[in-house]
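Structural overview
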Amino acid sequence: MKMQISNDLRKIKKKILNGERLTRDEGITLFNCNEFAWLGSLADEVRKRMSDDLVYYNVNCHVNLTNICTARCKFCAFGRDEKSDGAYAMTIEQVINLINDALKDPNMSGLHIVSGLHPTWKFEDYLEIIKTIHEKFPELYIKGFTGVEITHFAKISGRSVENILTELIDAGLQAIAGGGAEILSDRVRNLLCPKKATAEEWLNVARTAHNLGLKTNASMLYGHIETIEERVDHLIKLRELQDETGGFQTFIPFPFLPKNTELGKNFKQTSMWDDLRTIAVSRLMLDNIKNIKAYWVMLTVPVAQVALNFGANDIDGTIHKETILHDAGASSPTNLAEDEIIKIIHEIGRVPAACDCNYNILRIIE
Ligand code: SF4
């Protein structure tokens, strides 16, 4: 059996070194292999081929407009009912104050805005927030909303996804966030998050955005009820859409953080091995998405550093103040100073590159 697996891995390595695409079965084989160092070095080889030694990061501020959410996904510790303890909905003044506070860092260059699906806010309310931010802070890029939120806006307004996206682009939106993809499987979504966008609806937002020239990110939430086959199918769905549109900029694997979630009582947090193999297999399967993000908030800084040697080339950003994942028990800090991010990257012998939400390089720190 061991010999058989080794032969399979040798064949996979040869294909990767020849730049050939991996099949579904090969993706499953990689997830099931236990050759830790072999997998990491192969993914690192591909990372070098696709994106040299730069490690991208943002000096950014996360804005979570509200945690009140009608979807109440079983894996989420952030969403609340309107009357629950800790429920909040920011006013535009509070949003502006938060941004002004983040702007005490002179290098702060942009925003990442994702929120719950508020039961009474209209699409126009969200649109007005983007317009106001863009008018007040035209120098800041705005990456905002997930495929789930865009689908929600289309449903509550009775408009098409294309129409919603066109309005948001006109208001100042420059990229779409990668969240909400979870696992692109109807089986998983029906069990864990039946009240929000289906897999097809999430993919449709990405496709429509790409056709409008708006770049998006993609993610995968793993380490819960999904099977390895469903992880691989998820990666292949993204790869197929990327073949069609070329509009995904980065892929972000999110490990499920169980604390304070409905689902969490049955699950432990993923192991470092699972986190690193998922980064590596993602790098090897997604041969047409340039960037793989090691999201330090979920992985922790030390694991993110290793992930940068397992195929990742992006460590996300300073964030200013993270709340969504800390509600789910993330043990990492709620922000990192830019100096710390630079140190983390330099320590592993790589080159930090500050960029905007569309990977335009703002500074390279040799
Ligand atoms: S994951 Fe998003 S959509 Fe689901 S409950 Fe949390 S905030 Fe709402």
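Sequence order sets the numbering: in each chain, residues are counted from 1 along the sequence as written. Selection of residues for local features in this predicted model requires a pLDDT of at least 70, selection of side-chain atom pairs for listing and counting requires 80 or more, and totals for whole chains, interfaces and linings are taken over all residues. Values shown for side chains rest on all heavy atoms present in the structure; no hydrogens or waters enter the calculation.

With that settled, the discussion passes to the nonpolar core. Among the nonpolar cores identified, the biggest contains 118 residues, and Leu 111, Ile 150, Leu 168, Trp 202 and Ile 315 are the most heavily contacted of them. Joining through side-chain atoms within 4.5 Å is the link that ties buried Ala, Val, Leu, Ile, Met, Phe, Trp, Tyr and Cys residues into a set, and such a set is a nonpolar core. Burial here depends on accessible area, computed with a 1.4 Å probe over protein chains only, as a share of the maximum for the residue type. Under 20% is buried, over 50% is exposed, and the range in between is partly exposed. Counting six residues, the second largest nonpolar core, distinct from the first, contains Leu 54, Val 351, Ala 353 and Tyr 359.

It is worth spelling out the environment of Arg 72 at this point. Here Arg 72 lies in the loop between β2 (60-63) and α4 (92-102). Considering only alpha carbons, one finds Arg 72 and Lys 196, 124 residues apart in sequence, at a separation of 8.9 Å. Non-local contacts of Arg 72, meaning those with residues more than four positions away in its chain, are made with Gly 79, Arg 80 and Asp 81. In protein, a polar contact means a hydrogen-donor-capable atom and an acceptor-capable atom, both N or O and within 3.5 Å, with residues adjacent in sequence counting only if both atoms are side-chain atoms; elsewhere, any N or O pair within 3.5 Å suffices. Of note is the side chain of Arg 72, whose polar atom sits 3.4 Å from the backbone oxygen of Gly 79. Here the side chain of Arg 72 touches Asp 81 through a polar contact of 3.0 Å, side chain to side chain. Secondary structure counts use DSSP, requiring at least four H or I residues in a row for a helix and at least two E residues in a row for a strand, with both numbered from the N terminus. Pairs of residues are marked as contacts when any of their non-hydrogen atoms sit within 4.5 Å.

This part covers helix α5 (residues 123-136). Expected span of a helix, by definition, is 1.5 Å for each gap between consecutive residues, and there is one gap fewer than residues. Relative to the 20 Å expected for 14 residues at 1.5 Å per residue, α5 spans 20 Å between its end C-alpha atoms, a close match to the ideal helical length. Buried residues of α5: Phe 123, Tyr 126, Leu 127, Ile 129, Ile 130, Thr 132 and Ile 133, and no others. Looking at the buried residues of α5, the elements they touch are α4, β3 (110-113), β4 (141-144), α6 (147-157) and α7 (161-171).

A word on the packing of aromatic side chains. Pairing of aromatic rings covers Phe, Tyr and the six-membered ring of Trp, with a centre-to-centre limit of 6.5 Å; geometry is then stacked below 30 degrees between planes, edge-to-face above 60, and tilted otherwise. What the rule picks out here adds up to twelve aromatic pairs. Measuring from centroid to centroid gives 5.2 Å for Tyr 56 and Tyr 359, while their planes differ by 85°, and the two rings are edge-to-face. One end of the pair, Tyr 56, is in strand β1 (residues 54-58); the other, Tyr 359, is in the loop between β10 (351-355) and β11 (361-364), and 303 residues separate them in sequence.

Positive phi is not limited to glycine here, since Arg 72 has a value of about 45°. Residue Phe 145 is not a glycine yet carries a positive backbone phi of 70°. For Phe 145, the position within the fold is in the loop between β4 and α6.

To define axes, lines are fitted to C-alpha atoms, for helices over the stretch in contact only, and angles between the resulting N-to-C directions are given on a 0 to 180 degree scale. One way to put it is that helix α2 (residues 24-32) packs onto helix α11 (residues 272-285) with a least axis distance of 10 Å and a crossing angle of 155°. In this view, α2 runs roughly antiparallel relative to α11, as classed from their interaxial angle. In this structure, α2 crosses over α11, and the sense of that crossing is right-handed. Facing Gly 27, Leu 30 and Phe 31 of α2, the residues of α11 in contact are Arg 277, Thr 278, Val 281, Leu 284 and Met 285. All residues other than Ala, Val, Leu, Ile, Met, Phe, Trp, Tyr, Cys, Pro, Asp, Glu, Lys and Arg, Gly among them, are scored as polar; the first ten of these are nonpolar and the last four charged. Looking at the contact of α2 with α11 residue by residue, the classes come out as five nonpolar, two polar and one charged. To sort the angles, those under 35 degrees are grouped as roughly parallel, those over 145 as roughly antiparallel, those from 65 to 115 as roughly perpendicular, and the leftovers as oblique. Crossing chirality is assigned from the near helix's rotation relative to the far helix, an anticlockwise turn below a right angle marking it left-handed and a clockwise turn marking it right-handed.

By themselves these figures say nothing about function.
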